[in-house]
Structures are given as C-alpha cells and as structure tokens.
Protein chains: 2
Amino acid sequence: MSHELGAVVDLGSNSVRLVIYRLGSQGTQQEIDNLKQTVRLSSHLGDDGRIAEAGIKAALRVLEQFCQLCRAYGVTHITGIATQAVRMAVNREEVLKRIYEATGIPFRVVSGEEEARYGYLAVVNSLALEEGVTVDIGGGSTEITVFRDRRLVRADSIPYGAVSLTREFLRSDLPSMKDMKNLDRVIQRELDRRPWLTGLGFPVIGMGGTARSLARIHQRRRHYPLLILHGYEMWPTEVTAILDMVRSMPIVKRRNITGLSADRADIITAGLAILDQILKRVGTSRFVISNKGLRDGVLMEHILHIRGQELLPDTLMYSIENIHDQFGLNRNHAFHVWKLADRLFTAMVNHGLVEASEEHRRWLQVAALLHDIGRAISIYNTSKHTFYLLLQIPLFGISHRDRVMAAAIAAFKSTKQIQTYLSMYQEFFDEEDIPTITQLGVILRLVRAFDRTETGVVTGLDLQPDGRAWKLIVKARQPLGIELDLALEWTKKCRKVFQREIRLEVDDLDHASRL
Amino acid sequence: MSHELGAVVDLGSNSVRLVIYRLGSQGTQQEIDNLKQTVRLSSHLGDDGRIAEAGIKAALRVLEQFCQLCRAYGVTHITGIATQAVRMAVNREEVLKRIYEATGIPFRVVSGEEEARYGYLAVVNSLALEEGVTVDIGGGSTEITVFRDRRLVRADSIPYGAVSLTREFLRSDLPSMKDMKNLDRVIQRELDRRPWLTGLGFPVIGMGGTARSLARIHQRRRHYPLLILHGYEMWPTEVTAILDMVRSMPIVKRRNITGLSADRADIITAGLAILDQILKRVGTSRFVISNKGLRDGVLMEHILHIRGQELLPDTLMYSIENIHDQFGLNRNHAFHVWKLADRLFTAMVNHGLVEASEEHRRWLQVAALLHDIGRAISIYNTSKHTFYLLLQIPLFGISHRDRVMAAAIAAFKSTKQIQTYLSMYQEFFDEEDIPTITQLGVILRLVRAFDRTETGVVTGLDLQPDGRAWKLIVKARQPLGIELDLALEWTKKCRKVFQREIRLEVDDLDHASRL
C-alpha cells in the first residue's frame, strides 16, 4: 500500500499545533508527529480589534518552524486553519497574507459552525456514541454540537474561551466570588440563547486542552493504570470538584498540580467554569474525554472523501485497519483467525458451552484481529508484548474495560499467567470475568493453531455432541500437520475449561481422519 | 534495503528446530519465527546402531511440517543440518536420502568439531567476551570450544548428551548414588582426555536446552525482573545447587519446577551433571548463558560471508544495526544524535562537569542510537515505550545492567519519572547511579532538541567557560528555530543538574547570535 505524508496546522487562540500523519491509499492513517507551541494569539487582540504586530511575529515564527519540520519530513500537503482569534481580528486579511508570504500556506479561517462540525466529525468517528453533545473549549471560543444517530443536529460557537474569559474576568491571582459570578453570568447568558441544550441529557464529550488537562488531573489523583485519555469517563460532579479545587488555589500552587502543564495553570479555571456550566445545562450523567479534536476532524473529512463515506461505518474496525497497517500485520491471517474464532464461539454458544454475550464476542473479535501484534516487538515473550501493545495503541470505539479484556484474551497462555498480567488493572474486571477470559483465551489459542501457517488451510469448524464429549469437525483444504499438533495441546485444556472433552475430527477432502 | 527470508533446520538428537529469519542485503537479520518439536531421535538408535523406522518417520513428519511453514512464509533458502544421532547412525545415508526425497532439502551431517565451531561463532558474535569456554549440551553429544582474543583455539565434541546419558545411567525415577557416580565417571573419563580444559579459569558459556532451562529456573526462583536469558550470569555453585535439587526429586515433582518445561524434566539431571563437571574442571568463577547456539552459528557464518568479515568487529553495533532495520528507525538521525551527545559528553568530561567513565559513555551511546525506538509504538507516551522496548529487544554485547541504564537514559524526562520506571529494577543500580542517569539523560535531551528536524542542521558543539556559567557554542548549517526553543527548555535544567548555568551561543554561518 502506498503512503504519503500530510500535515494539519491549527492556528488557535491559545496555541499553534501541528500534526503530521501518514496517509495510506485506502484512507488509513497514522499520526507520526505532533507539536504544540503556546503563542496566546488572543492575548494580542487589542482594543482596536487588531492582532498586534508582536502577536503576528510570534505566530509567524512558530509557523515557519512547523513548515521547516514539514519540509524535513517530506510532507506533501499542509492544511492550515485559523480559528477565533483570527476570525475576530479586523486585520484578518493582513495576517493571512503575511502568513502566506512567509510560509506559502494558504490558511483558511473556519467559521465557528465549521469548527464545531470538525469537532463532531472527530468524535463520531473515534468514539462509539450514537448521540451526544460535543464541547470544544478553545482559547477564544467554545464550539458546541449536538448529534443524534451519529448525525449532526446542531453546530454552534460561543465567542468565549479559556484565554479570553481569563483576560476579561480572572485577572487577579485568586478570583473573588464576584469575579466568578461575573464570569458565570456571561456563560449563562450565552447558554440561555441556546435553549436546545437544556435538559438534553445526552453524554457530553469534552475536547481541547482544558478537557485533556482535566482528565489528566483526575487520572493522576486516582492512580488510573492506563495512559489513555481518549474515551476516559468522569462524573460531572468530579468536574465541579476539580473546578472548586483550582479556583481556590493561587497560581504558584496550581502550577504544581500533577497532570496540569505549567503553561495552562493560569487559564484552567475559566476553561473548567465553561465546561461545568455546560454539563449542568445539558443535565448529563456522563462526561467523556475526546483526545481527538479540530485537527483530527479536518483530517477525517479528507479521509472520508478518499473512502467515499459520509461517516466511518465502524470506528473500531477503522482503528484496527490503521493498526494492521502501522505494524505491518498480516490482515488475511488476522481476519481468518477471527472467522474461525467466531464460528467456534457461536457453535459453543449454541450448545450452551459458553455464555451468549455480545460483549464477550466483541472482546474475542478485537483479540483475534490483533493477536499477532506482539510479534512486531519480538518473537520471544510475544504474549507479554501483545498485552503491552493492546493497552497502548490507538484503538477506538471500545471502552477502556473492553480494551483490557481484549488484551487479556489476546495474550492468554494460562489462567495463572493472565491473572499476573491483570494484577495492575483490577478496577476493570471482577473475579467472574476470569473464567470468561480463560474460555475465550483457549478458543483463540485453538483457532490460532489451525492457522499457524497463515495460509487459511482450515476453512471451517463445527461442533457436535459425541457421547459425553464434543467432536470438533475441522474442514481443511489439505491434510493438516503442524496445525493439529498445536491444536491438540489446546484441546487437552478444554476438558478443564469447558468441563467436557473435545475431540478433533479432520475433514481434509482427501480422507477423513479421527484423532 | 532489500530483504529475503531464509531458514535453518537443525535435526538434533533431542529436538528438531526451525528458525526463520529475514536477511537484509547488508547482512542484517531478524528472527521472525522459531519452532521446536521434541522427537528424541537418539532414543530411536538401536543396539544395531541404526535409527529405527519409527524414529525416521517421526523426524520426517516434523521436517515436512517445517517445510510447509517455510513454503507458507516464502522462504527462499533452507539450510538443513543433522548432528550426533544421525552422525552415529549406521543407516545415516538412508536417513538423509529419505529426508531429501520427502522435503527436497539436502541435509548436511556436521562433525562434532564443526558443531562446536558453530556454537563458538554464535557466542563470540553475540556476547562481549574476549576469552571463554563454550559448552553446548545436546541430546546426544556435548560440544566444547576454547577461544582466546575471540579466536577459536580448540573445538571438540564429547559423544554424550542429556538424552543418551539419561538412557544409559538414569533409567530409574530417583537415581541412586551409584547411578550418579557411574554417570559422573563417564564424564570424568571424557574430560580427562581433554587436559587443556583443566584449570583454564575462562568464563564458561552454556548453550542448548539444558543451559536455557537452568537459567529460567534460576531466574524464576529469584524473581529476576528481566525476561532475557542471553548474557545472564550465574555462580558455578548455583549450578551445583540446582543439580542437587533436581536429582533428589521424583519426575512428577520435577515437572512442576517453574521454568522447566515438562518435556525436559526427565533429562535435566544428566544435562546439568555434564555442565557441573565441566564448570569444576575449568575452575571458573563465571558462568554465562547464551541463548544463541548452533542454528545461530550456521546463520552467522552466512552473514559473515555476506559482510566479508571473519568476525563481527562489534557485536553491540551489529545488534543496533539489526534493531534500526527491524523498527525502521532513521539511522542518520540516530548516529547524528550520538555524534552530538559524544561531543557534549567529552567536552563536559574535559571541563570536569561529568565523570570520565567509559561505562557511562557506552550507556549514552546505546541510549542515543536507540532513543527514538518508542515512536515505533506511538508518538504518545514515547518515553514509556522506549523504556519498555530497550528491555525487550535483542541487544547484544552489553550486560543486563548496561541495558537497564541505557534504557533509563533514553527514556529520561525527569529524575522523579525515571525513578518510578526503575523501581522494579533496583538490583541493577544503586542510589549513586541516579545522578549519572540524570546528567546523561539531560545531555541526550539537549542534543535531541538540536536534531528535532532530523536533518543534521547542527553540525558541532563546543563548551567554554563564560564567567561563572558555561557557554555552549552551537554550530549550525542554517539559522535554528524549533531546535533552539526545545534546547532552551533543557538548558534551564542544567543549572540544577550541573550546578552551573549553560548559555547557548549559535554560530549559524550567516550571523552569530547569543541567546
């Protein structure tokens, strides 16, 4: 598959960000570099409505650096977008012209609604949510969308963000009650004009630096064992609690909050105040972090165009496609193993050997499609590497619990071994999940044996009662060798795991043999 | 770089093994699959000196499976070698003919001396040892070599191995003192004929299944935190202790020893008895495990031929070359970062800012050459991935302690963070190493900043006293941008780490600017 490198540069009101990605001809993608510089463009907006010369120079300096890096990588296409600070500036045209002269990139100023829609695109194509409210708190504006059945219903932009509100209301180190009330009143007024938000009850998805910092603070405080922000969930009351904490701290203390970067310590209070108000207004019980935002939405629009799709039909499968591509995995083998695992799982469900559960089937699917990933590190200790990687790679459209369970099934060698691996991740499962992991782990090991040569030689599986045991009928294109030797090792474990013996019967067209 | 796939199949007296590797045109290699089946060919050697029909059939069955897997991979070249069991068999020619008819592979019977030499080749090209005694305990024979200045001095083969000695002397479950004495006497007699071993005092390097099992047992018992056998060291007395343990256990108990595979439980006593005698005879204080053996020696012969070398001049650099190739790392960037790190380190040594230590320089070198490896997993949490990978990848020619230190330096972000990463690896360092890791970590972070664009824009570094501070003169091919912004973040840390301020002065040919 051929690849090209592209980049998105986002000239925001608080920071300038660059993401460089590799784009496959089939519309797969991997992020290969990511850089941020805090320029605070909205602080340079004067009373005359112009971005001051110092602001333009600071922005140009960073943009030139980013272009230099893009050239060094051999990036062939750069998309430049500018948001609220440039949107508001009366000298907008001059700013864009000077950027173009310095970098050769035609920056596009996106409207508030467009910006909101990009956030929506990023979210619905990376989180498995049918409906929701996206909130992207930027430096100079806050974008909100509502979606139902994954379709955009509303897209709107509030012309206040973490930097501009801080500048207007929270100039003192420790804001007074009155400062906070004034700030809240402005937000309330904006939300009053958007009655469609009130009481909607949908999950709220938070994007942007404020939301990421919030999640990082929360994860560090509770020693969350995964280093994953995307899809992390918090109670709305926990957001309020962290807002109360930061607003009562002087900035020198705020700078030391674990998870909060020093260059955000000044504007975090305003950012959280906006989010807190919106959560209350929507009346949701569910707050979800998205690590994907504006830049990812811009990229996603391009990818959807390549793929001829309006939305990704399946975010999980798309992320698995990207992972197959990144790690050079054998897709045919992966999908063949999943086909066999699904057959065996379904047959076992039909015969009452395992529980009928869509959740379990999804775990098995992810585990089957990615079971070989550890080999990208080494063919020794592969199970350990598979477990490690499944907790680290960009896997979208499943919960953090699903991810841990899939990792355990993919890495399964024995119940004892997998309990050791899982010891750091107790909060994601209870004791009842261990037999499930064992059953699904043994199913996966068994079907992996059938495709040890990665040639799809085993074409089908069927399970039939055979006296007090079960007979697993293995359909093969040609006589089996190593596949059977390895499969027999795992059928031996079945007696203990499924309380019944499982015997193999091979139908290899040439001759049927019973083992 | 173009690649092809090759394989080595080793028809041994205890097991048949297959290794499939990818070979780069420059003689780099990665092992991509590895399979073993226990056939016990030497058990099929009858009193008439022939390998019985059942043994031939069992071997053919496994070899056909291996060929099938090689075909599935698209392996273009298979090297087949046979050792002691076939060497001894009076029907050797018939066995080879039948293998050739069934698989099309012309298996070569290697002599005991050749087999020993392959073990030596594997060891001197993967461990940093100038002199040593290699001992490869097989099923039917034991190969011994002596090397000095990395040159082969002796190569010999004792016609007894773990399977044949077990069959002859340890037929009962719990061997009597008399059984053990008879066994020891045979080994003693063989060693008496090789007086050149006695009192040599060189490190002894153990290869083969017995040595690997021994190391695994030892590592599990002491909860060794690394999953690496190659280069693991034990005291000779610890070998004796484990021999004493296994020989006093009935087989049902031996099968449950953690680290020992069930299909080796019967022959481990005989294998360890040979090793123990040799260690005592050599009178060494140092026993080292090699995970590389016969098959790797056969492959190494081919690689040395491609590279036009008699021996790899530097085993560490060769393994780093293989890793660069496997993970698709930017070699020019890696070597450029190392060049800059070496300049800065040397300058700091000359000015007394850091300790002059060849050990520290080596850690910095490995860290610099592999600092980017975590990005192969993800550009998020890269430091964590770098640390993980540096403890897992096949890195040869350095000790396990060196590896942990290099991993810490490559992954360094802050002293606190690296102490967390190292908490599981306390046995490899003491508190005095932490400031060293911090100093070398900051040096690496600083020079990485100078090559952030991976274009080699910074061509040189020099350090000069500047009042009470130091001036770091940065020579560059063109004006620097992002490199300086990132470098300034790290020079800020220098005051704390080196007790002196470090100021940057850029000499970019166009204009010299002081920051």
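Cut-offs used in this document
- Residues numbered from 1 in each chain as written.
- Chains lettered and ligands numbered in written order.
- Predicted model: local features only at pLDDT ≥ 70, side-chain atom pairs only at ≥ 80, totals over all residues.
- Heavy atoms only, no water.
- UniProt positions renumbered as here; feature names shortened; annotations may be inferred.
- Pairing = 2+ DSSP bridges.
- Helix = DSSP H or I, 4+ residues; strand = E, 2+ residues; numbered from the N terminus.
- Right-handed = clockwise from strand over helix to strand, strands pointing away.
- Core = buried A, V, L, I, M, F, W, Y, C linked by side-chain atoms within 4.5 Å.
- Buried < 20%, exposed > 50% of the residue type's maximum accessible area, 1.4 Å probe, protein only.
- Least-squares fit on C-alpha atoms with pLDDT ≥ 70 in both.
- Contact = heavy atoms within 4.5 Å.
- Axes fitted to C-alpha atoms, helices over the stretch in contact; angles between N-to-C directions.
- Parallel < 35°, antiparallel > 145°, perpendicular 65-115°, else oblique.
- Left-handed = near helix turned anticlockwise from the far one by under 90°.

With an unreviewed UniProt entry as reference, chain A is termed Exopolyphosphatase, source organism Kyrpidia tusciae. Turning to chain A, the UniProt annotation filed under Sequence similarities (unreviewed entry) states: "Belongs to the GppA/Ppx family." What UniProt records for chain A under Catalytic activity (unreviewed entry) is the sentence "[phosphate](n) + H2O = [phosphate](n-1) + phosphate + H(+)".

It is not clear to me how the pairing of strand β14 (residues 502-507) of chain B should be interpreted in this structure. Could you clarify?
Every other side chain in a regular strand lies on the same face of the sheet, so the side chains alternate between the two faces. Residues and elements named next belong to chain B. In terms of strand pairing, strand β13 (residues 469-476) meets β14 through six bridges, oriented parallel. Counterpart to Ile473 in the pairing with β14 is Glu505. Viewed along the sheet, the connection from β13 through helix α19 (residues 482-498) into β14 turns out right-handed.

Even after reading the chapter, I still don't get the nonpolar core, so can you show me in this structure?
In terms of nonpolar packing, the biggest core is built from 286 residues, with Leu11, Val133, Phe450 and Leu472 of chain A together with Phe450, Leu472 and Phe498 of chain B touching the most fellow members. Within the second largest apolar cluster, 33 residues are counted, among which are Val9, Leu18, Ile20 and Phe66 of chain B.

Explain the relation of the copies chain A and chain B here, please?
Under the fitted operation, chain A is carried onto chain B by 0.0 Å of movement along the axis and a turn of 180 degrees, and the coordinates agree to an RMSD of 0.0 Å. A rotation of that kind, with that shift, is consistent with a two-fold axis. Interface overlap between copies: 100% of the residues of chain A at the interface are likewise at the interface in chain B, consistent with a symmetric, same-surface contact.

What exactly am I supposed to notice about the packing of helix α17 (residues 415-422) of chain B against helix α18 (residues 433-450) of chain B here?
Geometrically, a packed helix pair is captured by the angle between its two axes and the distance between the axes. Residues and elements named next belong to chain B. Put simply, α17 and α18 touch, their axes get as near as 10 Å, and they point 120 degrees apart. As far as their axial angle goes, α18 and α17 are oblique. Of the two elements, α17 crosses α18, and the hand of that crossing is right-handed. Contacts between α17 and α18 involve Thr415, Ile418, Gln419 and Leu422 from the former and Ile434, Ile437 and Thr438 from the latter.

I would appreciate a short explanation of the UniProt feature "domain: Ppx/GppA phosphatase N-terminal" (unreviewed entry) in chain A in the present structure.
Mapped onto the present numbering, the UniProt feature "domain: Ppx/GppA phosphatase N-terminal" (unreviewed entry) falls on residues 20-303 of chain A. Across residues 20-303 of chain A, helical content stands at 46% and strand content at 19%; the span's end C-alpha atoms are separated by 14 Å.

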